[in-house]
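Below, each chain spelled out in residue letters.
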Amino acid sequence: VDLANLAQAIPNAVGKTHGRGCLCFHRLRKPTWKAAVSPSGFVRMFTAYDGEHARTAAKQFARLAKKYYSSDVAFKKYKILNVHIHAKIAFALDLDGLAAKLMTEQKSVNPMVPRLRLIAREHDSLKIMVEGVSEGDRKITVLVKQHGFLMAPDAKALKEGTCAFDALLPHLTR
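Residues numbered from 1 in each chain as written. Predicted model: local features only at pLDDT ≥ 70, side-chain atom pairs only at ≥ 80, totals over all residues. Heavy atoms only, no water.

Chemist: So what exactly am I meant to see when it comes to the packing of aromatic side chains here?
Modeler: For any pair of aromatic rings, the description consists of the separation of the ring centres together with the inter-plane angle of the planes. All chains considered together, the criterion is met by 3 aromatic pairs. Note on W33 and F61: the rings are 5.7 Å apart at their centroids and 75° apart in plane angle, and the pair reads as edge-to-face. With W33 in strand β3 (residues 33–37) and F61 in helix α2 (residues 52–68), this residue pair connects regions lying 28 residues apart in the sequence. Take W33: its relative accessible area is 6%, and that puts it in the buried class. Put simply, the rings of F25, W33 and F61 touch in pairs and so form one group of aromatic residues. The side chain of K34 reaches across the aromatic face of F46, ending 5.5 Å from its centre. (Phe/Tyr/Trp six-rings, centres within 6.5 Å; stacked < 30°, edge-to-face > 60°. Helix = DSSP H or I, 4+ residues; strand = E, 2+ residues; numbered from the N terminus. Buried < 20%, exposed > 50% of the residue type's maximum accessible area, 1.4 Å probe, protein only. Lys NZ or Arg CZ within 6 Å of the ring centre and 35° of its normal.)

Here it is in structure tokens:
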């Protein structure tokens, strides 16, 4: 893909070259999205939507590229790689207490309850692995910051991330 021609071909598009040689396009109307196009033609989509709305956003960019750049553009091999989910708790968290609680609970195994495992600890955050909340026994990582910020960066769907947060919430204290 000739990224310079692609940037000029799509009207009303903001095309910026990224550090990895990708060209990024932004759409500000709903559904909002950002498309990063590599020189090989691989497109990575970023959007605040899940499911069919995310697929629609990817199709919109494919239609734009097909209409204005090349009729050879095709929409294929679509898959969701990951979903970033963020949440803010209204209070600061006791990370020392949470870490101690998770270390004691790791020894007890109940298959009916999601399992929380402490992976890493830094001075103001914990990285926690949540097991048993997704299909296929995938493990979801949740980053917990002391000021109450939660992030699940590797979920495959919104439901996975929210289930991981739901499993973690009863353990959070001031």
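Chemist: Looking at this structure, how should I read helix α4 (residues 158–168)?
Modeler: Residue pairs spaced three or four apart in an α-helix point in one direction, given the helix's 3.6 residues per turn. Listed in full, the buried residues belonging to α4 are E160, G161, A164, F165, A167 and L168. Buried residues in α4, looked at end-on, bunch into an arc of 160°, giving them a common side. Looking at α4, the residues exposed on the side facing more than 90 degrees away from the buried face are K159 and D166. Buried-residue contacts for α4 involve β5 (83–88), β6 (115–122), β7 (125–131), β8 (139–145) and β9 (149–155). (Arc of directions from axis to C-beta. Contact = heavy atoms within 4.5 Å.)

Chemist: What's the story with the side chain of E160 in this structure? I'm lost.
Modeler: Along the polypeptide, E160 turns up in helix α4. Within the structure, the side chain of E160 is placed 3.1 Å from the side chain of R138, a separation counted as a polar contact. Not counting residues up to four positions away in its chain, the partners in contact with E160 are V133, S134, R138, I140 and A155. (Polar contact = N/O pair within 3.5 Å; in protein donor to acceptor, adjacent residues only side chain to side chain.)

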